[in-house]
Structure formats: C-alpha cells, structure tokens
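Results of the structural survey
This is what each chain is made of:
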Amino acid sequence: MKILITGGAGYIGSHTCKALAHGGHEVVTYDNLSTGHRDLVRWGAFEHGDILDVVRLREVMRRHHPDGVIHFAAKSQVGESVCLPGLYFRNNIAGTLNILEAMRDEGVENIVVSGTCAVYGQPETVPIREDAPKAPINPYGASKLFMEQMLRDFGTAHGLRSMVLRYFNAAGCDPEGETGERHDPETHLIPRALMALTGDAPELSLFGEDYATPDGTCIRDYIHVCDLAQAHVLAMQYLNTGGASGCLNLGTGNGLSVREILASIARVTGKVVPFRMAPRRAGDPPRLVADARRAGIVLHWRACQSDRDTIIDTAWNWYQRDRI
C-alpha cells in the first residue's frame, strides 16, 4: 500500500510510519511541524503542509495517489481544549472535513483515524466497550466524537470506508530508539515522571490519592505505542481488502495506577521519582480501562509489547538518548 500519514512527524504517527515501512508499504508524511519533528520523519517522503490548507491537501493527494490516509493531525491536550475550544473545533473538525473532501475529490476511499477514549467521558461501567454511551466532558472529546459522525456521513454519501481506533493511554517508545515521545509541553505521566527523576523538571505532581482504587490513585490502561502502530497498519490493510467501517477500542484490558507506574519506573531505572501530592483534577475518572476484544476479532490484533516494564524500559532508553 501507499499511505498518506497526516501528523506523521509526531509521536504515534512516526511509530506508525516505521511499522508501515517495515511491512513493505510506501509512506508519505504530511505535517505542518507545529508539534511534530522533522528529524522523526525517517521513513518515506515528507510533504510540509497543514490540514487546514485544503488546496495543499488536494495537490499532495493528486500527486501521490495514496491507497489510503491515516489521520493523526489532531490537537489532543484536554486542558488546552477547555481554554481554547475554538482551536480544537477548527483543527480537529474543520481540518478533518478538509481531509475528507480532498479524499472524495481525489478518489481516495479509505481512512484510519486516531480516536480516543475521551469520547466516553465519565464511563458508567469499566472495562469500556465500544457501544458504551458517548458523553465527552471536554472540547477535545467532543471534537473527536464529531469527527466520528463526519466519517459515518461521508461513508453514507460518498462510499468512504473508515476505521476509528479509540485508544487509551499511549506509552513507551520504539525499542530500537529510532523514534519516540517528544512533546512541548509534556503532559503524559511517564515522560513527566522521567523528567522529574533526572532533574529536568520539578517534582511530579500526583493528582489525588483518595480515589476508590486499591492505592487511592487513578487507574489507566497503558498501551505501548508500537502496539498502537501495528493496529493502524492492520486497520488500513483491513479497509483496503474491503473491510467494513467501524470503531474499535485499543487497550490491554488491564489498568495500572499512578503509584504502580512509579514503582515500575523505580524498578527499571533504579531511581525513585520525586513527587508531591496535589488535589484531584476536575473531570478525572477513577478508572479508565478498555474492553478491546473486538479489535482482536476484527483485526486479529493484540497488545504484544504493553507489559509495564517494557513500556518503561523503552521510554527510559529513548528519553536518555533524546535529552543528550
């Protein structure tokens, strides 16, 4: 396949580019480098462009004739979305509309979209199934849910085939150290903890220790980024062989608390993460864990590298290499 990757210079996008290239597929990265990094584009061609520029999108699709699009170019910080909802609606909704219209006009029929568990909001039951109620509690989740509606409507009107992969907490890095996690600002727990451990950032803040969980801290479903990347490859292969549109959860089905993550970091690195307790953050559910059985049935996918120590070890190796 020849695949256009929007946001391919970012964290999950660059890992997916590598997975596609190592699977024998041709990759074209489309990224405006606002949050992505040019040095992480190591597989395939690079096209500098913004998803808000529909003329540029059409030109790139017309020239490369991709078999499909994998779409990562979305704003994804929950807190920022609360402060700047217009930015999220413009980029995530209007930008995705531009991609879909360019695909329609240039005859590209298949798209895999980076989804999120934020569409579920505060879940009524855990583990969370794909048919659970959708009730996002922030503009980020709302924008992602509307993206899903657009995909369904373009499927009905124009025959577009789509797969939305709703994943939970992406973590870890490429075991070979060729790409990894690099955000500015960094908001994810594991790299924040590594920054505190090395003195590159102040002590880590743990938001809440009075949740109804075994150790009082929030529980999340951490999935290795390489497992996520492989799922995107399988989803595109599925669509390109006539698979039906849909939405699938990606996760391990097992949750880890914040304290369990810190214990794993200490075990892998031999160093204790300095932290302080802080009040709960508004809107943080006590437990978010995926029921990902459907992904196994539809895509024949499973999380192979998502044990906690592998996640921490690969993240730590990348962090040490990247900070030099």
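As a starting point, this report considers the structure included with it. This structure is a prediction, so every number in the text was calculated from the model and none was measured. (Residues numbered from 1 in each chain as written. Predicted model: local features only at pLDDT ≥ 70, side-chain atom pairs only at ≥ 80, totals over all residues. Heavy atoms only, no water.)

This part is about the sheet that holds strand 12 (residues 256–257). With mixed pairing, the 3 strands of this open sheet are ordered in space as 12-9-14. Pairing within the sheet leaves two strands with one partner each, and these edge strands are strand 12 and strand 14 (287–288). By the bridge criterion, 2 bridges tie strand 9 (residues 219–220) to strand 12 in an arrangement that is antiparallel. When the sheet's bridge partners are listed, I219 is paired in strand 12 with S257. (Pairing = 2+ DSSP bridges. Helix = DSSP H or I, 4+ residues; strand = E, 2+ residues; numbered from the N terminus.)

Attention now moves to the nonpolar core. Ranked by internal contacts, the top residues of the largest apolar core, which has 31 residues, are I5, I12, I70, L165, L250 and W301. Residue assignment for this core shows that the elements contributing at least two residues are strand 1 (2–6), helix 1 (11–22), strand 6 (161–167), helix 7 (225–240), strand 11 (246–250) and helix 9 (293–299). At 9 residues, the largest contribution of residues to this core is made by helix 7. In contact with I70, not counting residues within four places along its chain, are I3, L4, I5, T6, T16, L20, V112, H232 and M236. Residues L4, M61, I111 and V113 belong to the second largest nonpolar core, which totals 24 residues. (Core = buried A, V, L, I, M, F, W, Y, C linked by side-chain atoms within 4.5 Å. Buried < 20%, exposed > 50% of the residue type's maximum accessible area, 1.4 Å probe, protein only. Contact = heavy atoms within 4.5 Å.)

This structure, assessed with the given rule, holds 0 disulfides. For the unlinked cysteine C117, the closest cysteine sulfur is that of C218, found at 12 Å. You can call C117 buried: its relative accessible area is 10%. Looking at C304, it has no disulfide partner, and the nearest cysteine sulfur is the one in C226, 11 Å off. (Disulfide = S-S within 2.5 Å.)

Counted according to the given criterion, the structure contains 1 aromatic pair. Ring centres 6.4 Å apart and planes at 85° place the aromatic pair Y88 and Y140 in the edge-to-face group. Highlighted residues: Y88 in helix 4 (residues 85–106) and Y140 in helix 5 (residues 139–158), separated in sequence by 52 residues. Each member of the pair, Y88 as well as Y140, is classed as buried. A cation over a ring is seen here: R280 above Y211, with NZ or CZ 4.0 Å from the ring centre. (Phe/Tyr/Trp six-rings, centres within 6.5 Å; stacked < 30°, edge-to-face > 60°. Lys NZ or Arg CZ within 6 Å of the ring centre and 35° of its normal.)

It is worth spelling out the sheet that holds strand 2 (residues 26–31) at this point. Reading across the sheet, the 7 strands line up as 3-2-1-4-5-6-11 and stay open at both edges, with parallel pairing between neighbours. Both outer strands of the open sheet, strand 3 (45–48) and strand 11, are each paired with one neighbouring strand and no more. Direction aside, the axes of adjacent strands within the sheet are offset by 20° on average. Contacting strand 1, strand 2, strand 3 and strand 4 (68–71), helix 2 (residues 54–64) runs over the sheet at an angle of about 155° to strand 3. (Axes fitted to C-alpha atoms, helices over the stretch in contact; angles between N-to-C directions.)

Scanning all chains against the criterion turns up 22 salt bridges. Where E59 meets R63, a salt bridge forms, and the shortest distance between an N and an O atom there is 2.7 Å. Of this pair, E59 and R63 both sit in helix 2, 4 residues apart, which is roughly one turn of the helix. With a relative accessible area of 28%, E59 lands in the partly exposed category. Two residues, D322 and R182, come together in a salt bridge whose shortest N-O distance is 2.8 Å. Remark: R182 occurs in the loop between strand 7 (169–171) and helix 6 (189–198) and D322 occurs in helix 10 (residues 308–322); sequence separation between them is 140 residues. The structure contains a network of salt bridges with shared partners spanning K18, D174, E176 and E178. (Salt bridge = Lys/Arg side-chain N within 4 Å of Asp/Glu carboxyl O.)

This part covers unusual backbone geometry. Residues V126 and P127 are joined by a peptide bond in cis, for which omega reads 0°. Following D184, the chain continues to P185 via a peptide bond in cis, the omega torsion being 5°. For P185, the location among the structural elements is in the loop between strand 7 and helix 6.

Along strand 4, one buried face is formed by G68 and I70 and the opposite face, lined by V69 and H71, is buried too. Two elements, strand 1 and strand 4, share 4 bridges in a ladder whose sense is parallel. Residue pairing across strands places I5 opposite I70, the latter belonging to strand 4. Across 3 bridges, the pairing between strand 4 and strand 5 (residues 110–116) is parallel. Bridged to H71 within strand 5 is V113.

Turning our eyes to something else, we now look at helix 8 (residues 258–269). With 12 residues, helix 8 should cover 16 Å at 1.5 Å per step; its first-to-last C-alpha distance of 17 Å lies within 8% of that length. In this fold, the buried residues of helix 8 make contact with helix 6, strand 8 (204–207), strand 10 (222–224), strand 12, strand 13 (275–278) and helix 10. Count one or two residues on from helix 8 and you reach G270, which has phi positive near 75°. (Expected span 1.5 Å × (residues − 1).)

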